[in-house]
Amino acid sequence: MTRFIFITGGVVSSLGKGLASAALASLLQTRGFKVRLRKLDPYLNVDPGTMSPYQHGEVYVTDDGAETDLDLGHYERFTGVSSRRSDNITTGRIYSNVIARERRGDYLGATVQVIPHVTDAIKEFIKSDITDEDFVLCEIGGTVGDIESLPFLEAIRQLGNELGRERTMFVHLTLLPWIPAAGELKTKPTQHSVKELLSVGIQPDMLMCRADREIPVGERRKIALFCNVREEAVIAALDVDTIYQVPVSYHEQGLDQQVCKHFGLAAAPPPNLSRWQQIVERIRYPEGEVTIAVVGKYTSLLDSYKSLAEALHHGGIANNVKVKLNWLDSQIFETEGAIHALEDVHGILVPGGFGERGVSGKIAAVKFARERKVPYFGICFGMQMAVIEAARSLAGLPKANSTEFGPCDEPVVGLMTEWLRGNQLVHRAAGDDLGGTMRLGAYDCRLLAESRVAEIYGQSHISERHRHRYEVNIEYKERLERAGLVFSGLSPDGILPEIVERHDHPWFIGVQFHPELKSKPFDPHPLFTSFIHAAVQQSRLV
Ligand code: GLN
């Protein structure tokens, strides 16, 4: 029997609902339950794929090629359960499905309305693609009280009624602000937020209250009384020093015990938290420190590189070192002399990106890493930059460029209009829609025997997730090889270069895919482990 836990948020946004949901799921997992996490986003975009990273942070890509909310990244990192297309829905997608059905005549002449047609479509989504999961946790994006989230709240209210209390639970995450002048944690915003939820017919079963300090007994009692929640179901969600402390900390506050109690599972086996305790231990007591420069474009909003930052920290956990990240806007390297900012770092990483702004700065960073023998990791755009740099500086192709920036004489990176996915031929045209039309999701890759990546992965075949429109042009392979680039990973048909590396350098690898999407604290991605290891070696030299 699958039980549903609905997580809503109140008072303000950015309370860490995604993390709280992921942590709760991981706690249920440590008690032996099978879990799945879903995100319901109230905005009108069909998916976040076309949104600017400044607006929405990172776009998280699933194996089955969906462009989803970054919270799905937290879900995977905390539970290890691979997300699917069916784990993220937006108002935009719900409406486009409902309207498509209406056009087909599926509603048999009925007037199509928010209730029941839109709410039915939401409920259908919540209940779809579930097999033997014990718990499905659904996080509702946005803040209670927003106009946009109303249909979602109405849908989960209906589900609560239909499935009954023994199969549904409503968890509401709020904020208890500390007011220094009063010397108190204030409960009023929480009371108002619960009132707002009640006005749409939802009585929360549990409150998770974000606070920067312990909640005194008096305040806890007050919240319980005014919000009609049992006192022990008022859980303090206290600030912690690392996000991987969240499961342990919430367990100490009784989160999973209360959830089990709600569902009558009080006899469930106690959680085994050793995995999380070990990770936190390693983060808190590292044996050294390395500095990595991330030379990108969206460096002022760190949410745009969420998975990347996490994967680098996972590499640190694997090597027992703290990883200090130096976020640098690549445009600074377009100024003479600025490259010296890279003098003292132990590794340079150029991440994924789009568009021409800042490109010459990225190429300058690649050149610096190559010439000065600083470990270099190029991801997606960062691989393309490494190839363009090699073509221009070493292969005698000064006009080498990517057609992403317009037509050029030497398209070493170009638009692919056809490729194979398994046995299927995929077509794209230059003028296609921007949404959902890149090479997306998991693709297989063959590794060259005796290459550095084959050694790092310990495998000859891998599968990694993609999100890009342009590809390194295989036509230039021989010329680039003469310039010292080794094509160590190719698509199974040998047409799409997936990995390049240099053997005249301590660590220089560019990958067309996004390995950061699959890294987990308890299972760091081998490329990140190896890159941080190389940075540790480098730190002993400088
Ligand atoms: N802009 C490049 C492309 O579309 C790289 C994309 C990326 O880094 N994710 O191919």
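Let me sum up the structure you'll find in this document.

Definitions and limits used
- As a convention, each chain's residues are numbered from 1 in the sequence order in which they are written.
- The predicted origin of the model limits local features to residues at a pLDDT of at least 70 and limits the giving and counting of side-chain atom pairs to 80 or more, whereas totals for whole chains, interfaces and linings rest on all residues.
- Only hydrogens and water are removed before side-chain values are computed, so all heavy atoms of the structure are retained for them.
- Helix numbering and strand numbering both begin at the N terminus, where a helix is a DSSP run of H or I of at least 4 residues and a strand a DSSP run of E of at least 2.
- For the radius of gyration, the atom set is restricted to C-alpha positions; the globular benchmark scales as 2.2 Å times the number of residues to the power 0.38.
- Note on classification: 1.4 Å probe, protein chains only; a residue is buried when its accessible area is under 20% of the maximum for its type, exposed when over 50%, partly exposed between these limits.
- If DSSP finds at least two bridges between two strands, the strands pair.
- Helix axes use the C-alpha atoms of the stretch in contact, all axes being lines fitted to C-alpha atoms, and the angles between their N-to-C directions lie in the range 0 to 180 degrees.
- Given the number of residues in a helix, its expected span is that number minus one, multiplied by 1.5 Å.
- Contacts are residue-level and defined by heavy atoms, with any inter-residue pair within 4.5 Å sufficient.
- None of His or the chain ends enter the tally, which takes Lys and Arg as positive and Asp and Glu as negative.
- In what follows, salt bridge is the name for a side-chain nitrogen of Lys or Arg lying within 4 Å of a carboxyl oxygen of Asp or Glu.
- When the strands point away from the viewer, a crossover counts as right-handed if the route from the first strand across the helix to the second turns clockwise.
- The nonpolar core is taken to be a set of buried Ala, Val, Leu, Ile, Met, Phe, Trp, Tyr and Cys residues, with the residues joined through side-chain atoms within 4.5 Å.
- The directions considered for the arc run from the helix axis to the C-beta atoms.
- Throughout this document, a residue counts as near a molecule or strand when at least one of its heavy atoms sits within 4 Å of that molecule or strand.
- Polar contacts, as used here, are pairs of N or O atoms within 3.5 Å; protein pairs need one atom able to donate a hydrogen and one able to accept it. Residues neighboring in sequence count only if both atoms are side-chain atoms.
- Side-chain classes are defined by residue name, with Ala, Val, Leu, Ile, Met, Phe, Trp, Tyr, Cys and Pro counting as nonpolar, Asp, Glu, Lys and Arg as charged, and the others, Gly among them, as polar.
- The rule is short: rings of Phe, Tyr and Trp, with Trp giving its six-membered ring, pair when the centres are within 6.5 Å, and they are stacked under 30 degrees, edge-to-face over 60, tilted in between.
- Throughout this description, the term charge over a ring refers to an Arg CZ or Lys NZ atom that lies within 6 Å of the ring centre and within 35 degrees of the ring normal.

**As for the overall build of the protein**
A count of helical and extended segments in the protein gives 17 helices and 25 strands. Against the 2.2 N^0.38 benchmark of 24 Å for 542 residues, the protein shows a C-alpha radius of gyration of 25 Å, consistent with a compact globule. Viewed in the frame of its principal axes, the protein has a C-alpha envelope of about 75 × 60 × 45 Å. Out of the 542 residues in the protein, the part that is buried amounts to 57%.

**Re the sheet that holds strand β17 (residues 410–415)**
Here we have three strands laid out as an open sheet, ordered β16-β17-β22, and mixed in their pairing. In this open sheet, the two strands that pair with only one neighbour each are β16 (400–402) and β22 (470–472). The mean angle between the axes of side-by-side strands here comes to 30°, regardless of whether they run parallel or antiparallel. Across three bridges, the pairing between β16 and β17 is parallel. For N401, the partnering residue across the bridge sits in β17 and is P411.

**Details of the sheet that holds strand β13 (residues 321–329)**
Spatially, β13-β12-β14-β15-β25-β24-β23-β20-β21 is the arrangement adopted by the nine strands of the open sheet, whose pairing is mixed. Edge positions in the open sheet fall to β13 and β21 (461–468), since each of these has one partner strand only. Neighbour-to-neighbour, the strand axes of the sheet open up by a mean angle of 25°, direction not taken into account. Bridge analysis of strand β15 (residues 376–379) against strand β25 (residues 508–511) gives four bridges, and the strand direction is parallel. From the neighbouring strand, Y376 faces β25, where its bridge partner is F508.

**Some points on helix α6 (residues 150–163)**
Relative to the 20 Å expected for 14 residues at 1.5 Å per residue, α6 spans 20 Å between its end C-alpha atoms, a close match to the ideal helical length. Among the 14 residues of α6, ten are classified as buried, and the element is accordingly described as predominantly covered. In the segment just after α6, G164 is the residue with positive phi, at about 85°.

**As for the environment of V295**
Among the structural elements, V295 can be located in strand β12 (residues 288–296). Overall, V295 belongs to the buried group, its relative accessible area being 0%. Excluding anything up to four places from it in sequence, V295 contacts L328, S330, F333, L342, I348, L349, V350, P351, K362 and A365.

**Topic: the side chain of K362**
Tracing the backbone shows K362 in helix α13 (residues 359–372). One buried charge, K362, has no salt-bridge partner; the nearest side chain with opposite charge is D329, at 7.7 Å. Contact partners of K362, with chain neighbours within four places excluded, come to V295, G296, K297, S330, V350, F381 and M385.

**Remarks on the pairing of strand β14 (residues 347–350)**
Burial along β14 is two-sided: G347 and L349 and I348 and V350, pointing in opposite directions, are all buried. Bridge analysis of β12 against β14 gives three bridges, and the strand direction is parallel. Bridged to A293 within β14 is I348. The pairing of β14 with β15 spans three bridges and is classified as parallel. Counted as the bridge partner of I348 is Y376 from β15. Each parallel crossover has a hand, and for β14 linked through α13 to β15 it is right-handed.

**Examining the nonpolar core**
With 59 residues, the main nonpolar core has I5, L28, F135, L137, M206, M208 and Y250 as its most contacted residues. In terms of residues, this core owes the most to one element, helix α1 (residues 17–30), which gives eight residues.

**So, helix α11 (residues 274–284)**
What α11 keeps buried is the set W276, I279 and V280. Across the axial projection of α11, the buried residues extend over an arc of 95°, all falling on one side. Buried residues along α11 sit against α1, α3 (71–79), α9 (246–252) and α12 (306–319).

**Looking at the pairing of strand β24 (residues 497–502)**
The element β24 is largely enclosed, with a buried count of six among its six residues. In this sheet, β24 lies alongside strand β23 (residues 485–490) in antiparallel orientation, the contact comprising five bridges. Pairing of L485 across the sheet is with R502, part of β24. The turn linking β23 back onto β24 is made up of six residues, and G494 within it adopts a positive phi angle of 75°. Here β24 pairs with β25 via three bridges, running antiparallel. When the bridges of β25 are listed, I499 appears paired with V511. In sequence, β24 turns back onto β25 through a hairpin of five residues.

**A few points about the site of the ligand**
Close contacts around the ligand come from G352, G353, F354, C380, F381, Q384, E404, R467, H468, R469, Y470 and H514, and that covers them all. For the ligand, an oxygen atom lies 3.0 Å from a polar atom in the backbone of F381. At the level of secondary structure, the elements contributing two or more residues to the shell around the ligand comprise α14 (381–394) and β21. Among the residues making up the shell around the ligand, the classes are represented as four nonpolar, five polar and three charged.

**Here's the deal with the side chain of H74**
The topology assignment puts H74 in helix α3. If near-sequence neighbours (up to four positions away) are discounted, H74 is found in contact with G18, L19, A22 and K306.

**Points about the packing of aromatic side chains**
Evaluated as defined, the whole model comprises 15 aromatic pairs. Between F4 and F6, the ring centres sit 6.3 Å apart and the planes meet at 10°, which makes this aromatic pair stacked. Judged on exposure class, the residue F4 and its partner F6 are both buried. The cationic tip of R439 hangs over the ring face of Y443; the distance from NZ or CZ to the ring centre is 4.8 Å.

**Some points on the pattern of salt bridges**
Under the definition given, this model contains 37 salt bridges. Measuring nitrogen to oxygen at the nearest pair gives 3.9 Å for the salt bridge that ties E371 to R370. On the basis of relative accessibility, which here comes to 48%, the residue E371 falls in the partly exposed class. R370 sits in the buried class, given a relative accessible area of 11%. One salt-bridge network, held together by shared partners, links K39, D41, D69, D71 and E139.

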